[in-house]
Amino acid sequence: MTLDPEPILFVQALLTHLAPATAIEDVAVRVGRLEAADAPPVILLENSGDLRSRNLPVFFPARVSVTAYGRTEDEATLIYRVVSNLLHKRGPTRLGDVAMWRAFDETGMQPRE
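Keep in mind that this is a model prediction, so the values were computed, not measured.

1. Quick word on the nonpolar core
Working step 1: Grouped together as the largest cluster of nonpolar side chains are 24 residues, with contacts concentrated most on L14, L15, I24, I43, L45 and L87.
Working step 2: The greatest single-element share of this core, amounting to 7 residues, is contributed by helix α1 (residues 7–18).
Working step 3: If sequence neighbours within four positions are ignored, L87 has contacts with V11, L14, L15 and A103.

2. Focus: the packing of aromatic side chains
Aromatic rings considered in pairs are described by the distance between their centres and by the relative angle of their planes.
Working step 1: Tallied over the full model, the rule gives 0 aromatic pairs.
Working step 2: The ring of W101 carries R102 above its face, with NZ or CZ at 5.7 Å from the centroid.

3. Remarks on the layout of surface pockets
Working step 1: Estimates place the volume of the largest pocket at around 1600 Å³.
Working step 2: Lining the largest pocket are 45 residues, and of these A62, R63, V64, S65 and F104 sit closest to its centre.
Working step 3: Every element with two or more residues in the lining of the largest pocket is listed here: α1, β2 (42–52), β3 (59–69), α2 (73–87) and β5 (98–100).
Working step 4: It is β3 that contributes the most residues to the lining of the largest pocket, 11 residues altogether.
Working step 5: Looking at the lining of the largest pocket residue by residue, the classes come out as 27 nonpolar, 10 polar and 8 charged.

4. What about the packing of α1 against α2?
Working step 1: Interaxial distance between α1 and α2 falls to 11 Å at its minimum, and their mutual angle equals 100 degrees. As far as their axial angle goes, α2 and α1 are roughly perpendicular. Along its contact with α1, which presents V11, L14, L15 and L18, the element α2 presents V83, L86 and L87.
Working step 2: The residue inventory of the contact of α1 with α2, partitioned by class, reads 7 nonpolar, no polar and no charged.

5. Section: the sheet that holds β2
By way of backbone hydrogen bonds, the strands of a sheet pair with one another, either parallel or antiparallel.
Working step 1: Taken in spatial order, the 3 strands make up an open sheet running β1-β2-β3, and their pairing is mixed. Two strands lie at the open edges of the sheet, namely β1 (28–31) and β3, each paired on one side alone. Averaged over all pairs of adjacent strands, the angle between strand axes in this sheet comes to 30 degrees, irrespective of strand direction.
Working step 2: Bridging between β2 and β3 involves 8 bridges; their strand directions are antiparallel. Note on β3: the bridge partner recorded for I43 is A68.

6. A word on α2
Working step 1: With 15 residues, α2 should cover 21 Å at 1.5 Å per step; its first-to-last C-alpha distance of 21 Å lies within 8% of that length.
Working step 2: Buried within α2 are the following residues: E75, A76, I79, Y80, V82, V83, S84, L86 and L87.
Working step 3: Its buried side turned inward, α2 meets α1, β2 and β3.
Working step 4: Looking one or two residues past α2, K89 carries a phi angle of roughly 65 degrees, positive in sign.

7. Some thoughts on the pattern of salt bridges
Working step 1: Inspection of the entire model under this criterion finds 3 salt bridges.
Working step 2: Close ionic contact of D38 with R30 constitutes a salt bridge, the shortest N to O distance being 2.9 Å.
Working step 3: Through salt bridges that share partners, R30, E35 and D38 make up one connected network.

Calculation notes
Every residue gets a number counted from 1 within its own chain, in the order that chain's sequence is written. In keeping with the predicted nature of the model, local features appear solely for residues at pLDDT of at least 70, side-chain atom pairs appear and are counted solely at 80 or more, and the whole-chain, interface and lining totals rest on all residues. To obtain the side-chain values, all non-hydrogen atoms of the structure were used and water was disregarded. Side-chain atoms within 4.5 Å link the members of a nonpolar core, which is a set of buried Ala, Val, Leu, Ile, Met, Phe, Trp, Tyr and Cys residues. Remark: exposure states derive from per-residue accessible area (1.4 Å probe, protein chains only) relative to the maximum for the residue type, with buried under 20%, exposed over 50%, and partly exposed in between. Counting from the N terminus, the helices are the DSSP runs of H or I reaching at least four residues and the strands are the DSSP runs of E reaching at least two. Contacts are assigned to residue pairs with any non-hydrogen atoms lying within 4.5 Å of each other. For this analysis, a ring pair means two rings from Phe, Tyr or Trp (six-membered ring only for Trp) whose centres lie within 6.5 Å, classed as stacked if their planes differ by under 30 degrees, edge-to-face if by over 60, and tilted for the remaining angles. By the criterion adopted, a ring carries a charge over it if an Arg CZ or a Lys NZ lies within 6 Å of its centre and within 35 degrees of its normal. With a 1 Å grid spanning the protein atoms alone, the term cavity applies to any set of points in which a 1.4 Å probe fits but cannot get out, the term pocket to an open set with protein on both sides within 12 Å along at least five of seven lines, and the term lining residue to any residue with an atom within 4 Å of a point. Grid points are joined across faces, edges and corners, and a volume is the space filled by probe spheres set on the points. Only Asp, Glu, Lys and Arg are considered charged, only Ala, Val, Leu, Ile, Met, Phe, Trp, Tyr, Cys and Pro nonpolar, and every remaining residue, Gly among them, polar. Between the N-to-C directions of two axes lies an angle of 0 to 180 degrees, each axis being a line fitted to C-alpha atoms and, for a helix, fitted only over the stretch in contact. In this scheme, roughly parallel covers angles under 35 degrees and roughly antiparallel covers those over 145, while 65 to 115 is roughly perpendicular and the rest are oblique. Two strands make a pair as long as DSSP finds a minimum of two bridges between them. Here the expected span of a helix is defined as 1.5 Å times the quantity of residues minus one. By definition, a salt bridge exists where a carboxyl oxygen of Asp or Glu is found within 4 Å of a side-chain nitrogen of Lys or Arg.

Honestly, it's all geometry; don't read function into it.
Structure below.
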């Protein structure tokens, strides 16, 4: 499998890979913006900044924001927690020809207005 090495696209592919048999297996994972036809539940991934290493062909760090939309606040909370549980402290992980050393949920859930 060939993946774009952009961190946000790797996270999208990883979540899609890990989703079966979880509460997010039928939840769309979007990058950058929601699509016009999207209705909850949906997961939105947004780039929150990354830096390229000076010495290696890697991003260090790469930050991806996760916003979970649900039909209710409880559903959105469940979706967020499943995503966090799937990614937090994961790694090293390789998917196709792209690898991730370690993921960390830095902030936890935040209110969104």
